[in-house]
Amino acid sequence: MAKETLLDIVQDVLSDMTSDPVNSISDTFESQQIARVVKSTYFDLFNERVWPHTGQLFELTSSADSTRPTHMRIEDEVRDIEWVKYNCRKSGEDRDNYLTIKYMYPEDFINYVMDRDTSNPNVEVAIDYNGTPIFVINNAAPTYWTTFDDEHLVFDSYDSEMDDILQTSKTQAYGFAEPGWTHTDSFVPDMPSKAFTLLKNEAKSRSFLLFKEVFNQKAQESAARQRGWLSREKRRANAGIRYPNYGRPVPSVGKGRYKNNQFTG
C-alpha cells in the first residue's frame, strides 16, 4: 500500500462514514475532528512498540557543568536508547577507542559508586540535579551508566587527563526517535507504507464510535488482522534487532518468551 497524506486518510474515513466530501481537513467541523482522531491514533500506534525506521545514531549532550562531570542529557526527540559508547582513548594514545558503556539499574549504580572512598584523591563528589551526591572516579573512562529521571544519563567515571567533563563529541548512542506531526493536508505520517492500512482502520473504528456512536466491526477486525501481521513481519534490512537487556539474561528465540514488538516497513 502506498503512503497517503493526512487529507487522503481523512477523506477515506469520511467516505466510509457517508459524510460530506472535503478538499481540506479544515473544510468542515467533522473533517477537523477526524484529523485529530488520525493524529491521536498515529501517536498511540507509535507508543505501542518500537518502529525500526525511527532508529538513529546520535550524541549525548554534555552537562557543561564541572559539578556534574559525568552527567549527560538525552535530547527530547529521543524516546528509547539501545546502547551507549564512549571514546575511552587514554592520554598518549593516538587511536580512538569507542567502548560500550554498560547499563546499571539505578539502585545497583548507587550502591556501586557510593561504596567508594572519598578520601582518595581520584574520587570526586558530583552533585545530581536533585542535590544528591554521587561519588565518581576522575582518572578513568566511564564503565557504567544509569538514569534516575529518564532525561539525564549518569556515568560512573571520567578521565580528567583527557577532559574536565564527559564530552558530547566522544559519545555514540543508538536509539529511536519520537515521531513528528504536521497538522496539514499534505502531511504524510512517518510510518512504513504497510502500516497505513492499520492507521486508517484504527481511525475509522474510533471515528465511527465517537461520531456515529456505532461500532464498526469490519474496520476493527481489519485493524486486528493488520496488527497481527505486522507484529510478525521482519525488518527490511535484516531479521531483527537485539533488544537492550541491561544485564538481564536474554531468552532464546523459540522458547516462547521472545516477542517481536516492532512494526516494519
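Here, the structure is the one placed above.
Predicted, not measured: the structure shown is a model, and the values here were computed from it.

Participant: Sorry, what's going on with the environment of Asp163 here?
Facilitator: Its location among the elements puts Asp163 in the loop between strand S10 (152-155) and strand S11 (171-177). Taking the C-alpha atoms as reference, Asp163 lies 9.3 Å from Pro69; in sequence the two are 94 residues apart. Apart from the residues lying within four places of it in its own chain, the contact partners of Asp163 are Tyr86, Tyr158 and Lys170.

Participant: Explain the packing of helix H2 (residues 29-48) against helix H4 (residues 196-212) to me, please; I cannot follow it from the model alone.
Facilitator: Relative placement of two packed helices is described by the angle separating their axes and the distance separating the axes. Contact geometry for H2 and H4: axes closest at 9 Å, N-to-C directions at 130 degrees. Here H2 is positioned oblique relative to H4, judged by the angle of their axes. Seen from above, H2 lies across H4 with right-handed handedness. Residues Glu30, Gln33, Ile34, Val37, Val38, Ser40, Thr41, Tyr42, Asp44 and Leu45 of H2 lie in contact with H4, whose contacting residues are Leu198, Leu199, Glu202, Ala203, Arg206, Ser207, Leu210, Phe211 and Lys212. Classifying every residue of the contact of H2 with H4 gives 10 nonpolar, 4 polar and 5 charged.

Participant: What exactly am I supposed to notice about the nonpolar core here?
Facilitator: The tendency in soluble globular proteins is for nonpolar side chains to be buried side by side. Counting residues in each nonpolar core, the largest one holds 26 residues, and the members touching the most others are Leu6, Val10, Ile34, Val38, Tyr42, Met191 and Leu199. Looking at this core, the elements that each hand over two or more residues are helix H1 (6-16), H2 and H4. At 7 residues, the largest contribution of residues to this core is made by H2. For Tyr42, the contacting residues outside a window of four places in its chain are Pro179, Gly180, Trp181, Phe187, Pro189, Asp190, Met191 and Leu199. Counting 17 residues, the second-largest nonpolar core is a separate cluster that includes Phe58, Met72, Ile74 and Phe155.

Participant: Where do I start with the packing of aromatic side chains in this structure?
Facilitator: When we look at a pair of aromatic rings, we describe it by the centre distance and by the angle of the planes. In this structure the tally under the stated criterion is 13 aromatic pairs. The interplanar angle of 25 degrees and the centroid separation of 4.7 Å between the aromatic rings of Phe46 and Trp51 together place this pair among those described as stacked. The two residues Phe46 and Trp51 agree in class, both being buried. Between Tyr174 and Phe176 the ring centres are 5.7 Å apart and the planes differ by 70 degrees, which places this aromatic pair in the edge-to-face class.

About the cut-offs
- Residues numbered from 1 in each chain as written.
- Predicted model: local features only at pLDDT ≥ 70, side-chain atom pairs only at ≥ 80, totals over all residues.
- Heavy atoms only, no water.
- Helix = DSSP H or I, 4+ residues; strand = E, 2+ residues; numbered from the N terminus.
- Contact = heavy atoms within 4.5 Å.
- Axes fitted to C-alpha atoms, helices over the stretch in contact; angles between N-to-C directions.
- Parallel < 35°, antiparallel > 145°, perpendicular 65-115°, else oblique.
- Left-handed = near helix turned anticlockwise from the far one by under 90°.
- Nonpolar A, V, L, I, M, F, W, Y, C, P; charged D, E, K, R; others polar.
- Core = buried A, V, L, I, M, F, W, Y, C linked by side-chain atoms within 4.5 Å.
- Buried < 20%, exposed > 50% of the residue type's maximum accessible area, 1.4 Å probe, protein only.
- Phe/Tyr/Trp six-rings, centres within 6.5 Å; stacked < 30°, edge-to-face > 60°.

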